[in-house]
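Now for the letters of each chain:
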Amino acid sequence: MSKIYTGENTQHIAFPLGGIGAGMYCLEGRGALSHFSLRNAPGVFNEPQIFAAISVKGGKPVARVLEGQVPMWKVYGSRGAGNGLAGKTFGLPRFRNAQFQSQYPFASVELTDSAVPLRVTIEGWSPFTPGDADSSSMPVAGLEYTFENTTAAPVEAVFSFNTHNFMAVGEKGASVKKIGGGYILDQKPNPKKPFEQGSFAVFTDRRDAVVNLAWFRGGWFDPLTMAWNAVERCETPCNDEIKEGQPSPGATIYVPINLKPGEKTTVKILTCWYVPVSDMNIGPDPKEGSTGMVYRPWYTAQYKNIREVASYWRANYASLRKASKSFAASFFDSTLPEQVIDSIETNLAIIKSPTVLRQTDGRLWCWEGCFDDCGCCSGSCTHVWNYAQAIPHLFPDLERSLRATEYADSQDDRGHQNFRSSLPIRQTAHDFHAASDGQLGGIMKLFRDWRISDDNDWLKSMWPAVKKSIDYCIVTWDPDGVGVLREPHHNTYDIEFWGPDGMCTSFYLGALKAVSIMGQALKQDVKVYDELLAKGLKFMDDKLFNGEYYIQNMDWSGLRAGDPRDAKTFSANEPPEAVELYKKEGPKYQYGNGCISDGVLGYWMAEVCGVGQIANEPNVKSHLKAIHDYNLKTDLTGHANPQRPTYAVGDEGGLLLCTWPHGDKLSLPFVYSDEVWTGIEHQAASHMMLRGLVTEGLDVIRELRKRYDGKKRNPYNEYECGHWYARAMASYAYLYALTGARYDAVSQTLYLEPRIKGDFRSFLCTATGYGTVGVKDGKPFVEVASGKIEVKKIEYKG
């Protein structure tokens, strides 16, 4: 069972509903619909006048919006609160009590009120079927309102779904149109602004539904006032489309509800949208000037208009729901700790968020996260998306589309790879340095995708680009063939590390091992990579391990880039105080003897990508134990963070990015060092588990989930540099970390090495099917719930 949120812990919940790269809106913890992000961009504070209501007939009708009480943070803390929040529905009566629960991709809100003789449940969902990316990318969401008569007398009531035309933009072209069982909120395109075009459809399959296409037109608060008057009086006005004058400001669907004592009924509301054009063209072109292309979402290549989307949605609603329920049942058929399942499930929401886009040829292009009104940090950033382990297992074809972009459009003939791809996806200029962790991590991800897909022809086709990539990395960052990265190397902290460090060198070693295995499979000469790997592993343990954890070796002698303590190495505009600091400590933004939570990140990547455990296990385990002991804080009250504090602050706990246990912290260490990032918490915790430190890993998760409890933060939006931050999908690695379950499609082998004692059950997803894997009565098993999983042998280490 999944976690139930009640009381104050429902006030920040917002559960994304929509399609992969297709836009979304959220079902909140108390039943409100918000975060409408349909126009190819996030709208975190976009909460239009859209609400369902119930009106119970009798001596004095009782009418309620089908939501719990409005959270006080909205009333006093949201945009426009100081001017009364005109245009919101917050002043309409609501149910007294609400509780929330989810089993992704389904979320439910239960409403109760002593004045209403009905128990109400709202279930929101959108298609999500592993292996079926197209169905999971539809711009649709379903809302099912179930009413149960809890009294000993019959109940007669009217359900309504009311919507202001929030798609209207500008002064002209807005309208409300008829569709079977409902209406379409429409905005025609402006020739000068084609991206303003958009449609949102609402309809039901109830034959007894009555539709009002013409809300009252007027100033001030007239439209909403008259719409609520109809609800409150149990009226069901039926008006056709307005043909003249000002357009209708909104529309309503009415459905009669008649229930005997103990009876239930469900009203299904189907929603879908169509916004065919954006104004987004991001990233440099190979030459000066813009190509003039703009991003168009994938679904526009499949459907001509909103009516085609609605027709498909109506016809396939039941089958898509059944397939999505099958996934949810399989995923939650697990005996893993609740906080682990919670961490994985809540971050699956990122896949449906505006962080992820999908262009018309089917390829993914992603932000790192989302600002309130636009994407944040463009280009499927390779070093951030290293951490994200959900999509490659659930939708491997979509993940491979990222590799196609990285090794073709974003890589040049030298092997230099842009770590931010352009949108629409295209060849770009190569006028910025590569990211060491991103480019090296990409090699391990390609290895992982090969083992998941069992596509040797694909591997063969990608090999020349992979070889160019690793060779570029060697020449650029390890020109002397030492086996470690010594020259300045850019990384996920948006700076360059100078000299060898454990974090980025572990990436290098993992990539070398991956290249070696892939090369051998293709009968290539990989001797040079094996030699570098051997040197690097020895260097890591001899020079970078301090007896407790891996560090950065701040010895910069002989670098091709020069001596970082020489001001000439840096910009001539550096202030004199910075030059003095360089002379004393070396360049800004290093970590030196710090205990960094990402300190062996590349080794984690190697394991979760199937490359294997390549490092000195006792030393790696020691490093992970040090992260737990030094970096995990249960109370940050005394912690100084001059950087970005809101990720974890005050008496909250969390895993710091870096600490200096021995008191030798640099004056200006790398720029985010004092912060707490959930993606790194998930990465470090899952790595701890992989190395047998299960209790320590659970300690990290526990502090994280306390912060994302619905009372202070949205559990379905782990943010870092923006909402729904991609790095948080590192949480999917908990499945492998605790169970050791990994399916290798190339050898058709199921590996099972649990780090938990006794019998267990856990979700397993492959490219061809998904189901449950585990141990029963001391014996391994796999149960296929959908598709097929061909297992020739099981390698079980109990």
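Predicted model only: the values in this text are computed from it and were never measured. (Residues numbered from 1 in each chain as written. Predicted model: local features only at pLDDT ≥ 70, side-chain atom pairs only at ≥ 80, totals over all residues. Heavy atoms only, no water.)

Caption draft 1: Here's a closer look at the overall build of the chain. Secondary structure summary: the chain contains 17 helices and 33 strands in total. Here the chain has a C-alpha radius of gyration of 28 Å; the compact-globule value for 798 residues is 28 Å, and the two agree. Principal-axis analysis of the C-alpha atoms places the extent of the chain at approximately 85 × 65 × 55 Å. The burial tally for the chain puts 61% of its 798 residues in the buried class. In the structure as shown, the chain presents an accessible area of about 29600 Å², 50% of it carried by carbon and sulfur atoms. (Helix = DSSP H or I, 4+ residues; strand = E, 2+ residues; numbered from the N terminus. Rg over C-alpha atoms; globule rule 2.2 N^0.38 Å. Buried < 20%, exposed > 50% of the residue type's maximum accessible area, 1.4 Å probe, protein only. Areas by Shrake-Rupley, 256 points an atom, 1.4 Å probe, with all protein chains shown as cover.)

Caption draft 2: Summary view of the packing of aromatic side chains. Under the defined criterion, the tally for this structure stands at 48 aromatic pairs. A centroid spacing of 4.9 Å and a plane angle of 85° characterise the contact between Trp-365 and Trp-367, whose relative ring orientation is edge-to-face. Trp-367 matches Trp-365 in its accessibility class, with the two residues each being buried. With a centroid separation of 5.2 Å and 55° between ring planes, the pair formed by Tyr-672 and Trp-677 is classed as tilted. Ring pairs connect the aromatic residues Tyr-5, Phe-15, Phe-100, Tyr-104, Phe-128, Phe-327, Phe-331, Phe-332, Phe-395, Tyr-716, Phe-763 and Tyr-770, which therefore count as one cluster. When the ring centre of Phe-106 is taken as reference, the NZ or CZ atom of Lys-325 above it lies at 4.1 Å. When the ring centre of Tyr-708 is taken as origin, the NZ or CZ atom of Arg-713, which lies over that ring, is 5.7 Å away. (Phe/Tyr/Trp six-rings, centres within 6.5 Å; stacked < 30°, edge-to-face > 60°. Lys NZ or Arg CZ within 6 Å of the ring centre and 35° of its normal.)

Caption draft 3: Structural detail: the sheet that holds strand β3 (residues 23-28). Ordered in space as β2-β3-β4, the three strands form an open sheet in which the pairing is antiparallel. Pairing within the sheet leaves two strands with one partner each, and these edge strands are β2 (14-19) and β4 (33-37). Each strand of the sheet is rotated relative to its neighbour by a mean of 25°, with strand direction disregarded. Examined bridge by bridge, β3 and β4 share three bridges and lie antiparallel to one another. The residue bridging Met-24 from the neighbouring strand is Ser-37, located in β4. (Pairing = 2+ DSSP bridges. Axes fitted to C-alpha atoms, helices over the stretch in contact; angles between N-to-C directions.)

Caption draft 4: A look at the packing of helix α10 (residues 502-521) against helix α13 (residues 601-608). Where α10 meets α13, the closest approach of the two axes is 6 Å, and the angle between their N-to-C directions is 30°. Of the possible angle classes, the one that applies to α10 and α13 is roughly parallel. Where α10 abuts α13, its residues Met-503, Ser-506, Phe-507, Leu-509 and Gly-510 lie against Leu-601, Gly-602, Tyr-603, Met-605 and Ala-606. Classifying every residue of the contact of α10 with α13 by side-chain character gives seven nonpolar, three polar and no charged. (Parallel < 35°, antiparallel > 145°, perpendicular 65-115°, else oblique. Contact = heavy atoms within 4.5 Å. Nonpolar A, V, L, I, M, F, W, Y, C, P; charged D, E, K, R; others polar.)

Caption draft 5: How the structure looks around the nonpolar core. The biggest cluster of nonpolar side chains holds 214 residues, and the ones touching the most others in it are Phe-147, Phe-159, Phe-161, Phe-200, Leu-394 and Tyr-493. With eleven residues, helix α9 (residues 456-477) is the largest single contributor of residues to this core. Counting residues in hydrophobic clusters, the runner-up holds ten residues, among them Tyr-743, Ala-745, Leu-750 and Phe-760. (Core = buried A, V, L, I, M, F, W, Y, C linked by side-chain atoms within 4.5 Å.)

Caption draft 6: Seen up close, unusual backbone geometry. The omega torsion of the bond from Tyr-104 to Pro-105 falls at 10°, within 30 degrees of zero and hence cis. Take Pro-105: it is sitting in the loop between β7 (97-103) and β8 (106-112). In the segment running from Leu-423 into Pro-424, the intervening peptide bond is cis, with an omega of -10°. Inspection of the secondary structure puts Pro-424 in the loop between α7 (396-409) and α8 (436-453). Phi at Asp-454 is positive, roughly 55°, even though this residue is not glycine. Within the secondary structure layout, Asp-454 lies in the loop between α8 and α9. Residue classification places Asp-454 among the partly exposed residues on the basis of a relative accessible area of 35%.

Caption draft 7: Quick look at the pattern of salt bridges. What the rule picks out here adds up to 48 salt bridges. Across the salt bridge formed by Asp-113 and Arg-64, the nearest N and O atoms sit 3.5 Å from each other. One end of the pair, Asp-113, is in the loop between β8 and β9 (118-125); the other, Arg-64, is in strand β6 (residues 62-65), with 49 residues separating them in the sequence. Taken individually, Asp-113 and Arg-64 each receive the classification buried, so the pair is uniform in this respect. Here Lys-665 ties to Asp-674 by a salt bridge, and the two come within 2.9 Å at their closest N and O atoms. (Salt bridge = Lys/Arg side-chain N within 4 Å of Asp/Glu carboxyl O.)

Caption draft 8: Geometry of the sheet that holds strand β32 (residues 779-787). Strand order in the open sheet formed by three strands is β30-β31-β32, with antiparallel pairing between adjacent strands. Each edge of the open sheet carries a strand with a single partner, namely β30 (760-765) and β32. Shown here is a sheet whose adjacent strand axes are inclined to one another by a mean of 20°, direction ignored. In terms of strand pairing, strand β31 (residues 769-776) meets β32 through eight bridges, oriented antiparallel. Looking across to β32, one finds that Lys-776 is bridged to Lys-779. Packing against the sheet, helix α3 (residues 306-331) makes contact with β30, β31 and β32, and its axis sits at approximately 20° to β31.

Caption draft 9: Structural detail: the packing of α8 against α13. As a packed pair, α8 and α13 sit with axes 9 Å apart at the nearest point and diverge in direction by 15°. In terms of their interaxial angle, α8 and α13 are classed as roughly parallel. As for how α8 packs across α13, the hand of that crossing is right-handed. Of α13, the residues touching α8 (which contributes Gly-441, Met-444 and Lys-445) are Gly-602, Met-605 and Ala-606. (Left-handed = near helix turned anticlockwise from the far one by under 90°.)

Caption draft 10: Representation of the pairing of strand β12 (residues 174-179). Where β12 and strand β13 (residues 182-187) come together, six bridges link them in antiparallel fashion. Note that in β13 the partner of Lys-177 across the bridge is Ile-184. Where β12 hands over to β13, the hairpin turn is made up of two residues, of which Gly-181 adopts a positive phi near 75°.

Caption draft 11: Broad picture of α9. Compared with an ideal rise of 1.5 Å per residue, which puts 22 residues at 32 Å, α9 spans 30 Å between its outermost C-alpha atoms and is within 8% of the ideal. Largest kink in α9: about 45°, centred on Trp-463, with the proline Pro-464 one to four residues after it. For α9, the complete set of buried residues consists of Trp-458, Leu-459, Met-462, Trp-463, Ala-465, Val-466, Ser-469, Ile-470, Tyr-472, Cys-473, Ile-474 and Trp-477. Capping the start of α9 is the job of one residue whose side-chain oxygen sits 3.3 Å from the backbone nitrogen of Asp-457: Asp-455. (Expected span 1.5 Å × (residues − 1). Bend = angle between axes of the 7 residues up to and from the residue. Polar contact = N/O pair within 3.5 Å; in protein donor to acceptor, adjacent residues only side chain to side chain.)

Caption draft 12: Just the environment of Trp-298, in detail. Within the secondary structure, Trp-298 is located in the loop between β17 (264-274) and α3. By relative accessible area, Trp-298 is classed as buried at 5%. For the pair Trp-298 and Met-138, spaced 160 residues apart in the sequence, the C-alpha separation amounts to 8.8 Å. Leave out the neighbours within four places in its chain, and Trp-298 touches Asp-134, Ser-137, Arg-358, Gln-359, Thr-360 and Gly-362.

Caption draft 13: Quick look at the environment of Arg-314. On the secondary structure map, Arg-314 appears in helix α3. Along the primary structure Arg-314 and Thr-271 are separated by 43 residues, whereas in three dimensions their C-alpha atoms are 9.7 Å apart. With sequence-adjacent residues up to four places away left out, Arg-314 is seen in contact with Ile-179, Gly-180, Phe-203, Thr-204 and Leu-270.

Caption draft 14: Representation of the environment of Ala-174 within the structure. Among the secondary structure elements, Ala-174 is positioned in strand β12. For the pair formed by Ala-174 and Ser-248, sequence separation is 74 residues and the distance between their alpha carbons is 8.4 Å. When sequence neighbours within four positions are dropped, the list of residues in contact with Ala-174 reads Asn-165, Ala-168, Asp-186, Gln-187 and Pro-247.

Caption draft 15: Quick peek at α7. If you check α7, its first and last C-alpha atoms are 20 Å apart, about what 14 residues at 1.5 Å a residue would give, namely 20 Å. Most of α7 sits out of view: ten of its 14 residues are buried. Every buried residue of α7 is accounted for by Pro-396, Leu-398, Glu-399, Ser-401, Leu-402, Arg-403, Thr-405, Glu-406, Tyr-407 and Asp-409. Contacts from the buried residues of α7 go to β18 (356-358), β19 (364-366), α5 (382-385), α6 (391-394), α8 and α9.

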